Amino acid sequence: MPASLPGAARHSHLKDLDYSVLQQCMHCGLCLPTCPTYDATKLERNSPRGRISLMRAIADGQLEPTRTFADEMYFCLGCLACMTACPAGVNYAELFEHARAEAEQSGVLDSPKRSLIRSFTLRWLFMDLSRLRLVGYLLRLYQQLGLQTFVRRSGLLNLLPKRLRELEAMTPNVQPKFSAELIAPLTPAVGQKKYRVAMLTGCAQDLIFSDVNRDTVEVLARNACEIVTPREQFCCGSLHAHNGEWELAQQLARKQIDQFPPEQFDAIITNAAGCGSHLKHYAKLLADDPVYQSRAELWDAKVKDIHEWLGQIGITPLPAAKVPPQTVTYHEACHLCHGQKITAQPRQILRAIPNLALVELPESTWCCGSAGIYNLIQPEMATELLDRKLRHIKSTGASVVATGNPGCLLQIINGAKRENLPLRVVHPITLLAEAYRG
Ligand code: SF4
Ligand code: SF4
């Protein structure tokens, strides 16, 4: 058992964590070559092993959470490549979430500016998606009226500090219609219905990639599914869990379970890898909640990434080739390949599309630097990773990059824009929907 600091009364995420999770690491170092931050710096503290040692020192009462500890936890991408490499089965995902919660709880990173940003985004904007949509409508108006183009061409942006200019350049294009305008609350199966599924439309996904949500529903309908898509939905809480807001993540998990009672569906579908990786662990998140615990276990079993679900039920044969030939490469979102171990199904889907040549991407499982909001808070490292990803994409000669996560889509779209690359960056399910449409 870990020793406690004398007089330490406050709840500590790491001290209260099941100690066996912390003990699992046997310091073998096999994860080190797969860790992008260690690869960049070659410093032990920037490695999974080094980070776990820091976490364990806090759990053992040998170290108090310090600014250095917190910075280290935020330098970690949370990409989970170390989990894939680890022979001891260390649950780094769980350690990482508790370590960031510990960092937040200690207050070592607090500043008025940071508190304001976190209160506005995590505690206000993403707790009620009608607020996020309002921001989306305003941004859409700004873009559609040509104000964004005007501001960019006018040189006004040169008055901003460099970092703000960089952030402005990353502003995504908001879709002309959000999911509720594109998808009916109940979509019948095309032909015979075999399954009843729920569709999660997401938060940022709904604003920036509502077309991917529409394509997902269309593909599901063509594969014998009746789809329930409520107009009002909630954020899955992954943003909160990955940024140390444990209680808010729990609140959102309860709301999701209430809105989509798992016993009523054959599957609960997500097409965003980062969300799926979090959505499948509500039972752990609500482990101490006697009301929700058993429903959370059923929920976890019902949540399926769209590639995984299609792999499970088998896809309806596609019509003869009517789409033009295309050469596609596939970037594996970390939270799909490392977080959910889904690697074969997206490739099977792409290979099933007529006229599509799939070219393997070197280092396809290496993080692109998006990692939730990592590209906003750690721009140097994120840019380094993006450059590396773009180099590999260019080496394939593909004109299309497919990837199953909105963060990765945005990151690579922005990279292609920056380098003027004639690349189409797209979700695999969009390519499948296009093939069905012929
Ligand atoms: S999650 Fe990624 S960046 Fe963090 S320690 Fe593991 S491999 Fe390294
Ligand atoms: S996390 Fe796993 S692979 Fe890495 S040092 Fe510990 S036991 Fe070895």
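Residues numbered from 1 in each chain as written. Chains lettered and ligands numbered in written order. Predicted model: local features only at pLDDT ≥ 70, side-chain atom pairs only at ≥ 80, totals over all residues. Heavy atoms only, no water.

Student: What am I meant to see in the sheet that holds strand 6 (residues 326-330) here?
Tutor: The strands making up a sheet associate through hydrogen bonds between their backbones, and the pairing can be parallel or antiparallel. In space, the four strands of this open sheet follow the order 7-6-8-9, with parallel pairing throughout. The two strands at the open ends of the sheet, each matched to only one other strand, are strand 7 (356-359) and strand 9 (424-426). Each neighbouring strand pair of the sheet contributes to a mean axis angle of 30°, computed without reference to strand direction. Bridge analysis of strand 8 (residues 400-402) against strand 9 gives three bridges, and the strand direction is parallel. If you follow Val401 over to strand 9, its bridge partner there is Val425. (Pairing = 2+ DSSP bridges. Helix = DSSP H or I, 4+ residues; strand = E, 2+ residues; numbered from the N terminus. Axes fitted to C-alpha atoms, helices over the stretch in contact; angles between N-to-C directions.)

Student: What is the right way to look at the layout of surface pockets in this model?
Tutor: Over the atoms, a rolling probe the size of a water molecule traces out where space has been left empty. In this structure, the second largest pocket occupies an estimated 600 Å³ of space. Taken together, 29 residues line the second largest pocket, and the ones lying closest to its centre are Glu94, Glu97, His98, Trp246 and Lys284. Of all the elements in the fold, those that place two or more residues in the lining of the second largest pocket are helix 6 (92-106), helix 15 (246-259), helix 16 (273-279) and helix 17 (282-285). Ranked by residues supplied to the lining of the second largest pocket, first place goes to helix 6 with five residues. Residues of the lining of the second largest pocket, tallied by class, amount to eight nonpolar, 13 polar and eight charged. (1 Å grid on protein atoms, 1.4 Å probe; cavity = no way out; pocket = protein on both sides within 12 Å on 5 of 7 lines; lining within 4 Å. Points joined across faces, edges and corners; volume = space filled by probe spheres on them. Nonpolar A, V, L, I, M, F, W, Y, C, P; charged D, E, K, R; others polar.)

Student: Just checking my understanding: could you explain the site of ligand 2 for this structure?
Tutor: Contacts to ligand 2 come from 13 residues, most closely from Cys25, Cys28, Gly29, Cys31 and Cys86. A breakdown of the residues in the shell around ligand 2 according to their chemical character gives 10 nonpolar, two polar and one charged. (Near = heavy atom within 4 Å.)

Student: Would you mind going over the packing of helix 19 (residues 306-313) against helix 25 (residues 428-437) with me for this structure?
Tutor: Angle between the axes and distance between the axes: these two values describe a pair of packed helices. At their nearest, the axes of helix 19 and helix 25 sit 10 Å apart, and the two run at 50° to each other. For the element pair helix 19 / helix 25, the angle class is oblique. Across the interface between the two elements, Ile306, His307 and Leu310 from helix 19 touch Pro428, Ile429 and Leu432 from helix 25. The residue makeup of the contact of helix 19 with helix 25, split by class, is five nonpolar, one polar and no charged. (Parallel < 35°, antiparallel > 145°, perpendicular 65-115°, else oblique. Contact = heavy atoms within 4.5 Å.)

Student: Would you mind going over empty space enclosed by the protein with me for this structure?
Tutor: In total, this model carries four cavities of 30 Å³ or more according to the counting rule given. Estimates place the volume of the largest cavity at around 120 Å³. Taken together, 17 residues form the lining of the largest cavity, with Cys25, Cys31, Ile52, Cys86 and Val90 sitting closest to its centre. Those elements that provide at least two residues to the lining of the largest cavity are helix 3 (48-59) and helix 5 (81-85). With three residues, the top contributor of residues to the lining of the largest cavity is helix 3.

Student: Help me understand the site of ligand 1, please; the structure alone is not making it clear to me.
Tutor: The full set close to ligand 1 counts 13 residues, and Cys35, Arg51, Cys76, Cys79 and Cys82 are the nearest of them. Elements with a contribution of two residues or more to the shell around ligand 1: helix 2 (36-41), helix 3 and helix 5. Partitioned by chemical class, the residues of the shell around ligand 1 number 10 nonpolar, two polar and one charged.

Student: Help me understand helix 15 in this model?
Tutor: Along an α-helix, residues three or four positions apart point the same way, because every turn accommodates 3.6 residues. An ideal rise of 1.5 Å per residue puts 20 Å on 14 residues; helix 15 measures up with 20 Å between its terminal C-alpha atoms. The complete set of buried residues in helix 15 reads Trp246, Leu248, Ala249, Gln250, Leu252, Ala253, Gln256 and Ile257. Close packing links the buried residues of helix 15 with helix 6, helix 14 (238-242), helix 17 and helix 18 (293-302). (Expected span 1.5 Å × (residues − 1). Buried < 20%, exposed > 50% of the residue type's maximum accessible area, 1.4 Å probe, protein only.)

Student: Looking at this model, I keep getting lost on the packing of aromatic side chains. Mind explaining?
Tutor: Aromatic rings in a pair are described by how distant their centres are and how their planes are angled relative to each other. Using the criterion set out here, one finds six aromatic pairs in the structure. Taking the centre distance of 5.1 Å and the plane angle of 40° together, the rings of Tyr137 and Phe178 count as tilted. On the criterion of sequence distance, the pair formed by Tyr137 in helix 8 (residues 129-144) and Phe178 in the loop between helix 10 (162-169) and helix 11 (179-182) is long-range, its members being 41 residues apart. Sitting above the plane of the Tyr74 ring, Arg114 keeps its charged end 5.5 Å from the centroid. Looking at Arg140, its charged tip hangs above the ring of Phe178, at a distance of 4.3 Å from the centre. (Phe/Tyr/Trp six-rings, centres within 6.5 Å; stacked < 30°, edge-to-face > 60°. Lys NZ or Arg CZ within 6 Å of the ring centre and 35° of its normal.)

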